[in-house]
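Take a look at the letters that make up each chain.
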Amino acid sequence: MPAKKSPPKYRLHKARNSAVVTIDGRNHYLGPYGSPKSHELYARLIAQRQNALDLRPQALPRHDDQLTIAELSVAYWRFANGYYRKEGEPTGELTVVKPALRALNRLYASSRVVDFGPLALQALQQHLIAADLARTYINGQVRRI
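The model shown is predicted, which means the values in this text are computed figures rather than measured ones.

*Asks:* Quick rundown of the overall build of the protein? Include the residues and the values.
*Replies:* For the protein, the count of helices and strands is five helices and five strands. When the elements of the protein are put in sequence order from the N terminus, they spell out β-β-β-α-α-β-β-α-α-α. Classification of the 145 residues of the protein by burial places 28% in the buried group. Of the contacts made within the protein by residues no fewer than 6 positions apart, 40% connect residues no fewer than 24 positions apart.

This is the structure in structure tokens:
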């Protein structure tokens, strides 16, 4: 069992006289150092980070060759729902991830993930084109998938 990593440190940014925590290479400024609000925001960010780590795809079934698109979509949605949040609120990315997964599942829900390849992605793209959606929207959805 791998050693558990400690959470990022709550620390003082002297130039700003502010509390800061660095998560995944990005600084999050929390407000005045030592204030209850900064400690609350720190705890929230650490909880969100841990939630995102817990929802990573390593929790998927071990029979990867039997994994279906529907099962993978559910796992990804759980991950995205924890990851695409800012200050506890869902970001706009969640509003476009859901229709992408819906379109994918409409055509390939029972298909095995290992069978999904470039031709299947192209067929999905054609399905979105037939729905008379904007080209930029279609391209974004294909990138997400």
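We are not done yet, so read on.
*Asks:* Explain the sheet that holds strand S3 (residues 26–32) to me, and be specific about the residues and the numbers.
*Replies:* Backbone hydrogen bonds are what pair the strands of a sheet, in a parallel or an antiparallel way. Taken in spatial order, the three strands line up as S1-S2-S3 in an open sheet, and their pairing is antiparallel. Of all the strands in the sheet, just strand S1 (11–13) and S3 have a single pairing partner and so form its edges. Averaged over neighbouring strand pairs, the angle between their axes works out to 45 degrees when direction is ignored.

*Asks:* Residue-level account of the pairing of strand S2 (residues 18–23), with values.
*Replies:* In terms of residue burial, S2 counts as a mostly covered element, since five of its six residues are buried. Two elements, S1 and S2, share three bridges in a ladder whose sense is antiparallel. Of the residues in S2, the one forming a bridge with His 13 is Ser 18. Count of turn residues in the S1/S2 antiparallel hairpin: four residues, of which Asn 17 carries a positive phi of about 50 degrees. Bridging between S2 and S3 involves six bridges; their strand directions are antiparallel. By the bridge assignment, Ala 19 is partnered in S3 with Gly 31.

What counts and what doesn't
- Residues numbered from 1 in each chain as written.
- Predicted model: local features only at pLDDT ≥ 70, side-chain atom pairs only at ≥ 80, totals over all residues.
- Heavy atoms only, no water.
- Helix = DSSP H or I, 4+ residues; strand = E, 2+ residues; numbered from the N terminus.
- Buried < 20%, exposed > 50% of the residue type's maximum accessible area, 1.4 Å probe, protein only.
- Contact = heavy atoms within 4.5 Å.
- Pairing = 2+ DSSP bridges.
- Axes fitted to C-alpha atoms, helices over the stretch in contact; angles between N-to-C directions.

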